[in-house]
There are 2 protein chains.
Amino acid sequence: MTTHFWSGQKPRHSGVRPSATAHAKTGGAHIRPLAGPRPASHQVPAPLHHSEPASDRLRIIPLGGLEEVGRNMTIFEYGNDIVIVDIGLQFPEEDMPGIDYIIPDINYLKGKEKNIRGVIITHGHYDHIGGVPHLVGKLGNPIIYTAPLTAGIMRKRQEEFRDAPPLRIVLVNGQTKVPLGQNFVFEPFHINHNISDAFGVALSTPLGLVLHTGDFKFDFTPVNDEPADLHRIAMFGTKNVLALMSESTDAESPGHQTSEKVVGEELDRIIAAAPGRIIIGTFASLLTRAQQIMTLAEKNNRKVFIDGRSMINNIEIAHELGYMKYKPGTIIEEGEVRKIPDESLIVVCTGAQGEKNAVLMRIANEEHRFLKIKQNDTIIFSSSVVPGNERTVQSLKDTLVRHGARVVHSKMMDVHAGGHAKQEDLKLMMRLTKPKYFIPIHGNRFMLQSHADLAISIGIPKENIFIADNGQVMEFDKKGARLTTEYVPSEYVMVDGLGVGDVSNVVLRDRRVMAEDGMLVVIATIEKKTGRLIGNPDLISRGFIYMKENKELVEKTRMRAKKLLRDGDPRSPAFAEFIKNKIRNDLGQFLYTQTKRRPMVLPVIIEV
Amino acid sequence: MTTHFWSGQKPRHSGVRPSATAHAKTGGAHIRPLAGPRPASHQVPAPLHHSEPASDRLRIIPLGGLEEVGRNMTIFEYGNDIVIVDIGLQFPEEDMPGIDYIIPDINYLKGKEKNIRGVIITHGHYDHIGGVPHLVGKLGNPIIYTAPLTAGIMRKRQEEFRDAPPLRIVLVNGQTKVPLGQNFVFEPFHINHNISDAFGVALSTPLGLVLHTGDFKFDFTPVNDEPADLHRIAMFGTKNVLALMSESTDAESPGHQTSEKVVGEELDRIIAAAPGRIIIGTFASLLTRAQQIMTLAEKNNRKVFIDGRSMINNIEIAHELGYMKYKPGTIIEEGEVRKIPDESLIVVCTGAQGEKNAVLMRIANEEHRFLKIKQNDTIIFSSSVVPGNERTVQSLKDTLVRHGARVVHSKMMDVHAGGHAKQEDLKLMMRLTKPKYFIPIHGNRFMLQSHADLAISIGIPKENIFIADNGQVMEFDKKGARLTTEYVPSEYVMVDGLGVGDVSNVVLRDRRVMAEDGMLVVIATIEKKTGRLIGNPDLISRGFIYMKENKELVEKTRMRAKKLLRDGDPRSPAFAEFIKNKIRNDLGQFLYTQTKRRPMVLPVIIEV
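These remarks concern the structure in this document. Given the structure is predicted, the values throughout are model-derived calculations rather than measurements.

About the criteria used
Residues numbered from 1 in each chain as written. Chains lettered and ligands numbered in written order. Predicted model: local features only at pLDDT ≥ 70, side-chain atom pairs only at ≥ 80, totals over all residues. Heavy atoms only, no water. Helix = DSSP H or I, 4+ residues; strand = E, 2+ residues; numbered from the N terminus. Buried < 20%, exposed > 50% of the residue type's maximum accessible area, 1.4 Å probe, protein only. Areas by Shrake-Rupley, 256 points an atom, 1.4 Å probe, with all protein chains shown as cover. Axes fitted to C-alpha atoms, helices over the stretch in contact; angles between N-to-C directions. Parallel < 35°, antiparallel > 145°, perpendicular 65-115°, else oblique. Left-handed = near helix turned anticlockwise from the far one by under 90°. Contact = heavy atoms within 4.5 Å. Nonpolar A, V, L, I, M, F, W, Y, C, P; charged D, E, K, R; others polar. Pairing = 2+ DSSP bridges. Least-squares fit on C-alpha atoms with pLDDT ≥ 70 in both. Salt bridge = Lys/Arg side-chain N within 4 Å of Asp/Glu carboxyl O. Polar contact = N/O pair within 3.5 Å; in protein donor to acceptor, adjacent residues only side chain to side chain. Buried area = accessible area lost by both parts, 1.4 Å probe. Arc of directions from axis to C-beta. Expected span 1.5 Å × (residues − 1). Phe/Tyr/Trp six-rings, centres within 6.5 Å; stacked < 30°, edge-to-face > 60°. Lys NZ or Arg CZ within 6 Å of the ring centre and 35° of its normal.

### Focus: the overall build of chain A
For chain A, the helix and strand inventory stands at 15 helices and 26 strands. Here chain A, with 608 residues, has 64% of them falling under the buried criterion. Per element, the accessible surface of chain A, about 22,500 Å² overall, is 51% carbon and sulfur.

### Here we look at the packing of helix α5 (residues 260-273) of chain B against helix α6 (residues 287-299) of chain B
Residues and elements named next belong to chain B. The N-to-C vectors of α5 and α6 enclose an angle of 40°; their axes lie 10 Å apart at closest approach. Put simply, α5 runs oblique to α6. The interaxial crossing formed by α5 with α6 has right-handed handedness. Two secondary-structure elements touch here, α5 through E260, K261, V263, G264, L267, D268 and I271 and α6 through T288, R289, Q292, L296 and K299. When its residues are assigned to classes, the contact of α5 with α6 shows four nonpolar, three polar and five charged.

### Section: the sheet that holds strand β14 (residues 303-307) of chain A
All names here are of chain A. Reading across the sheet, the six strands line up as β15-β14-β16-β13-β17-β18 and stay open at both edges, with parallel pairing between neighbours. Because the sheet does not close on itself, it has two edges, and the strands there are β15 (331-332) and β18 (406-409). Strand direction decides the pairing type here: β14 and strand β16 (residues 345-349), joined by five bridges, are parallel. Residue D307 lies in a different strand from β16, and its bridge partner there is C349.

### Considerations on the relation of the copies chain A and chain B
Overlaying chain A with chain B gives an RMSD of 0.0 Å, the required rotation being 180° about an axis along which the chain moves by 0.0 Å. Here the transformation between the copies is reduced to the relation of a two-fold axis. Proximity to the rotation axis, assessed at the C-alpha, singles out A:A515 in chain A; its C-alpha lies 2.4 Å from the axis. Comparing interface residues between copies, 100% of those in chain A also sit at the interface in chain B, which points to an isologous, same-surface contact.

### Points about unusual backbone geometry
A negative phi holds for most residues other than glycine; trans holds for most peptide bonds. All names here are of chain A. The backbone phi angle of R71 is positive, close to 55°, even though this residue is not glycine. Examined against the element boundaries, R71 turns out to sit in the loop between β1 (54-64) and β2 (73-79). Judged by relative accessible area, R71 falls into the buried class, the value being 0%. The residue D86 is not glycine, and still its phi comes out positive at about 70°. Along the chain, the position of D86 falls in the loop between β3 (81-85) and β4 (101-103).

### Considering the pattern of salt bridges
What the rule picks out here adds up to 66 salt bridges over all chains. A salt bridge links A:K217 to A:D219; the nearest nitrogen and oxygen atoms lie 3.9 Å apart. For A:K217, a relative accessible area of 1% corresponds to the buried category. Look at A:D219 and you get buried, because its relative accessible area is 3%. Notably, a salt bridge pairs B:R57 with B:E475, separated by 2.5 Å at the nearest N-O pair. Remark: B:E475 occurs in strand β20 (residues 472-477) and B:R57 occurs in strand β1 (residues 54-64); sequence separation between them is 418 residues. The burial state of B:R57 is the same as that of B:E475; both residues are buried. It is possible to trace a salt-bridge network through shared partners that takes in A:R57, A:R59, A:E77, A:K112, A:E475, A:D477, A:R482 and A:E486.

### Brief notes about the side chain of B:T399
Mapped onto the fold, B:T399 is located in helix α10 (residues 390-402). At 2.9 Å, the side chain of B:T399 and the backbone oxygen of B:S395 are in polar contact.

### Details of the interface of chain A and chain B
On the chain B side, the residues contacting the 101 residues of chain A number 101 residues. When the two sides are added together, the surface that chain A and chain B hide from each other amounts to roughly 8,800 Å², 56% of it contributed by carbon and sulfur. Taken as a group, A:R391, A:R402 and A:F446 account for 10% of the area that chain A buries against chain B, more than any other trio of residues on that side. Across the chain A-chain B interface, the total number found is 10 salt bridges. The partner of B:R597 in a salt bridge is A:D502, with the nearest N and O atoms 2.8 Å apart. Joining chain A to chain B, the criterion identifies 23 residue pairs in polar contact (both at pLDDT 80 or more). Top contributing element to the side of chain A that touches chain B by residue count: helix α10 (residues 390-402) of chain A, with 10 residues. Taken together, the residues that form the side of chain A that touches chain B break down as 39 nonpolar, 31 polar and 31 charged.

### Re the environment of A:V521
Inspection of the secondary structure puts A:V521 in strand β24 (residues 519-526). For the pair formed by A:V521 and A:E260, sequence separation is 261 residues and the distance between their alpha carbons is 57 Å. Contact partners of A:V521, with chain neighbours within four places excluded, come to A:D538, A:L539, A:I540, A:L602, A:V604 and B:V521.

### A short note on helix α4 (residues 230-237) of chain A
Residue and element names in this part refer to chain A. Along α4, the positions that sit buried rather than exposed are R232, I233, F236 and G237. Projected down its long axis, α4 carries its buried residues within an arc of 155°, all on one side. Where α4 is buried, its residues meet β9 (184-190), β10 (199-205), β11 (208-212), β12 (241-247) and α11 (423-433).

### Some details on helix α14 (residues 551-567) of chain B
Residue and element names in this part refer to chain B. Spanning 17 residues, α14 covers 24 Å between terminal C-alpha atoms, matching the ideal 24 Å at 1.5 Å per step. Looking only at α14, the buried set comprises L553, V554, T557, R558, A561, K562, L564 and L565. Turning to α14, the residues buried within the fold contact β24 (519-526), β25 (533-542), α15 (575-595) and β26 (600-607).

### What to know about the packing of α14(B) against α15(B)
Residue and element names in this part refer to chain B. Relative to each other, α14 and α15 sit at 150°, their axes nearing to 10 Å. Classified by the interaxial angle, the pair formed by α14 and α15 is roughly antiparallel. Taken as a pair, α14 and α15 cross one another with a handedness that is right-handed. Contacts from L553, K556, T557, R560, A561, L564 and L565 of α14 reach α15 at F575, I579, K582, I583, D586, L587, F590, L591, Q594 and T595. Of the residues in the contact of α14 with α15, the class split is 10 nonpolar, three polar and four charged.

### Considering the sheet that holds strand β15 (residues 331-332) of chain B
Picture the strands of a sheet paired through backbone hydrogen bonds; they go either parallel or antiparallel. Residue and element names in this part refer to chain B. The sheet built from six strands is open, its strands ordered β15-β14-β16-β13-β17-β18 with parallel pairing. Strands with a single pairing partner mark the edges of an open sheet, and in this sheet they are β15 and β18 (406-409). Relative to strand β16 (residues 345-349), strand β13 (residues 278-281) is paired through four bridges, and the arrangement is parallel. Note that in β16 the partner of G281 across the bridge is C349. Contacts from α10 reach β17 (378-381) and β18 within the one sheet, and its direction differs from that of β17 by about 170°.

### A few points about the packing of aromatic side chains
What the rule picks out here adds up to 14 aromatic pairs over all chains. Between A:F216 and A:F218 the ring centres are 5.3 Å apart and the planes differ by 75°, which places this aromatic pair in the edge-to-face class. For A:F216, a relative accessible area of 0% corresponds to the buried category. Measuring from centroid to centroid gives 6.2 Å for B:F466 and B:F476, while their planes differ by 65°, and the two rings are edge-to-face. With B:F466 in the loop between α12 (445-457) and β20 and B:F476 in strand β20, this residue pair connects regions lying 10 residues apart in the sequence. Given the relative accessible area of 5%, B:F466 is considered buried. Through successive ring pairs, a cluster of aromatic residues spans A:Y437, A:F466 and A:F476. Just above the ring of A:Y126 sits the side chain of A:R157; from NZ or CZ to the centre is 4.7 Å.

Taken by themselves, the reported measurements are silent on function.
In structure tokens, the structure reads:
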């Protein structure tokens, strides 16, 4: 498959943005528009590649993560220096059937690779590291600055991509100060998240300090981690912070985020009271939770069997690096599961989102090699439900309950704590850092707006708050700062199987049409010399109607096609295209009248 | 289009049920299995049509609504008498692209039409009335017993279906007692819901009283309605209730359902404080909410413009019948909207679920004829988010906020009250009615189980609680009652455009495959006499790859197809089928290796 980073993909947001994009229905659910409309003031064309060096000014450009949750990537540019924070992936929207995931569009960086002084990766979750294997080579394999656990997870993932170069990683910790080119100095600061080694980014620039929180929460009683470094964050606040970029994933939720300790206590109660086996479904990357489960298993004299390749990988990496602590013998192998009585066993597995091939789904559907649900099982969903997965998770719970298991989920008890700051936490971050400019990041527009409203509520002037779009350039100089009307490309780059960026909107549109109402191929054989139609046209349909049970309609359609094919003048050179259009339009209309469905009509004319 | 009520559709649940059904990915989201597995004890084959009269025993058969939310329909059968409660529709699952909705399978009633003594419709929501236009004719157009508002809504809807017979409706109210055949007497009892005129069903049978709640909540301070008739319900409780069938939609939620009065107070505060125009998105059928808005508009000196055909119809019907009260002039017409200042206007519209063509979506996407979002607009989502619609609603909110509107939704404030009893309400219903047997209805298996757990918690013996599947027969006689292993057909009957039940699983599977990875048509022309391939095979692909940008792969595929076509012996009679299979398998495998995608491969052989 060819790939098309630099050319193939038509930029979704560059310069002028369409005011409203077509949207389609797929899978029975109504679908969001690919991109919402923009206020008219943004509709100013701008050069695609702003190639003059940005002297004396700082440009901050979010390439992803600002109109969505996922695909986080931010560019900082000053003079000839570029620093990148995170290169994530995003899971596809409902109107993108067959797409595996989406990565950022890096066209803006084309020709600027030599300016990239480093890539900072804040933590090891896919929405922050997922684009690396696809993109790092194209960026000239710059040095990656990150923490040890993140590095371990990234290296492991890189192995899955044969064509990707080995990563060049420099490890950082809370003491590190890294000069990046002439204009930037980077230092990480410790925050809490639901994976170890997550940090925020403090970036000194000639115009002042810019803080980027990454994903964070303040956990005053974290598990197997230090509390966020409030003193350091407060210290930044005394240094005239130019701008705070703070994550908005949970900006709609009032209050404080739950501490991991509370989750631990609740899990402990449930584990202690469970009559039989316990199966805990969670995210593979939720390593603080995995640690809790190990500790509680040891406390409650249970053994832990871990199932799910990604989770095993992550736990092994974290354990090797000393980020997870458990006794030898706590984790058991597949062969030992049978020997452990149910009341001494905890199974930890992936699939709490109802992912099709993940372990919990396979157990529920009796497709697992050796685990089957029993009457006395307690199944804990120690995770939130990612928006869009609600029905799948509902159905998974149905199946588990049907087998007689008891199901506990986070709406019923505190068996999950999010990794993201809620409103009071977000306000604390703003109060501690006292930024001049505030830029809400990571989240749908609605979340960014909620976060901006919080900022206004604590006194940050509205005009100093920038709610940007993906690709929209923010500029800082001695005179001040502004959200410009310049957009760099920030198109969705879709990964489908081995293809990266080769699934165009045309291909997607076709998939949607065929998903809705199927398709009908009309094949006509024509004698080349005379243009005479040979025999009757053949019809093949898939996903439209069951032809054997709709013979009358099929025959009517065939006769209609035949008539169309005879009506035209077959010797005219434009005949083939003309007649194909005619077949498409006429049959399409006819079939809609007959069935109220709009299958894709594909005319094929064979000349012999 | 032909329809296939009595024959075409392969029953999904009849007799033996598959232990786990295949499931597929569509639209980027992971998909739930169509049906979960059953415990082994249920796997006993049973006759499809249990045709002997059920003498001396009461059979209760849920045809829908027990493994899902929607498609409610229950059969009560005693001797030669059949009573039906509700005939609803259900919205499609994510793995049913293109399907409009799903109605119950009534194959069990084939040949028993003459026994149907009546259809009782509990209220006017689509999950209780939606199947009527499609099914009532096939049931012999039996008499429908319902309340005036429900009747009005049903009659209006019936007009949209040209082939459906006029409904034969008998109106009932709280004083009515209707003998239905030799064995049943029906009386409605008043409960609260978020549409007026909803009632529960008390059905006297030779074995005792059976209560069916319909959808209900207890609202002690309802708006424009009487509180649920607690005295009547308590009176039933003194008469040895044989069985209570009670709805489970909100059985997972602790506490009491919010009263409409609370919603009214919150809406009043928001309306009073709003600086400009107010746009309220809600369900078209949520008529108690519509009434609140009228009242509050009058109180706050605002005019109301209603947009959305279904909502206007419902309000007109309710108003004509005296169920809604507002002053002349409160509701304004389209032409007047321009003349009303923003601070004196409320727009009430459909589309709070992000439905593609509904009003709110059109306003957001700037596709509305004359309404556009402005800076000072307050937009209230006075509705819950139906599971599966989360991402669409999120995106709708994004778009509205982008235009500068303020958005208020029910997670932020009490701007919506559900229509369904929560746990304390459900327990009150059980305590008041004191049933011997308890049958949780309306909801996914998980909800039914939660409801059963509540019943156990208040002392109903576990063995007297029946968690049934759709189609599973419950039998009551003098010796007792049991959940049998007999299943009657309860297949999904899918409505797609004008076709009812004609979209088979084959058609759906094809839609899913094409949605995932598109398709490739391989057309080969062969000389009939010699079997010689004429020219090269033609390839057409849609939704797979963009052919123009993948010429190399296209050529390789074409050459591979050519080789396959030459390898076989074209004069053998089975050649065509054989070579088609070979093309499908070989090219399928080849394309997967090259792209990790699995398009549908459609070989077409033209003989000339």
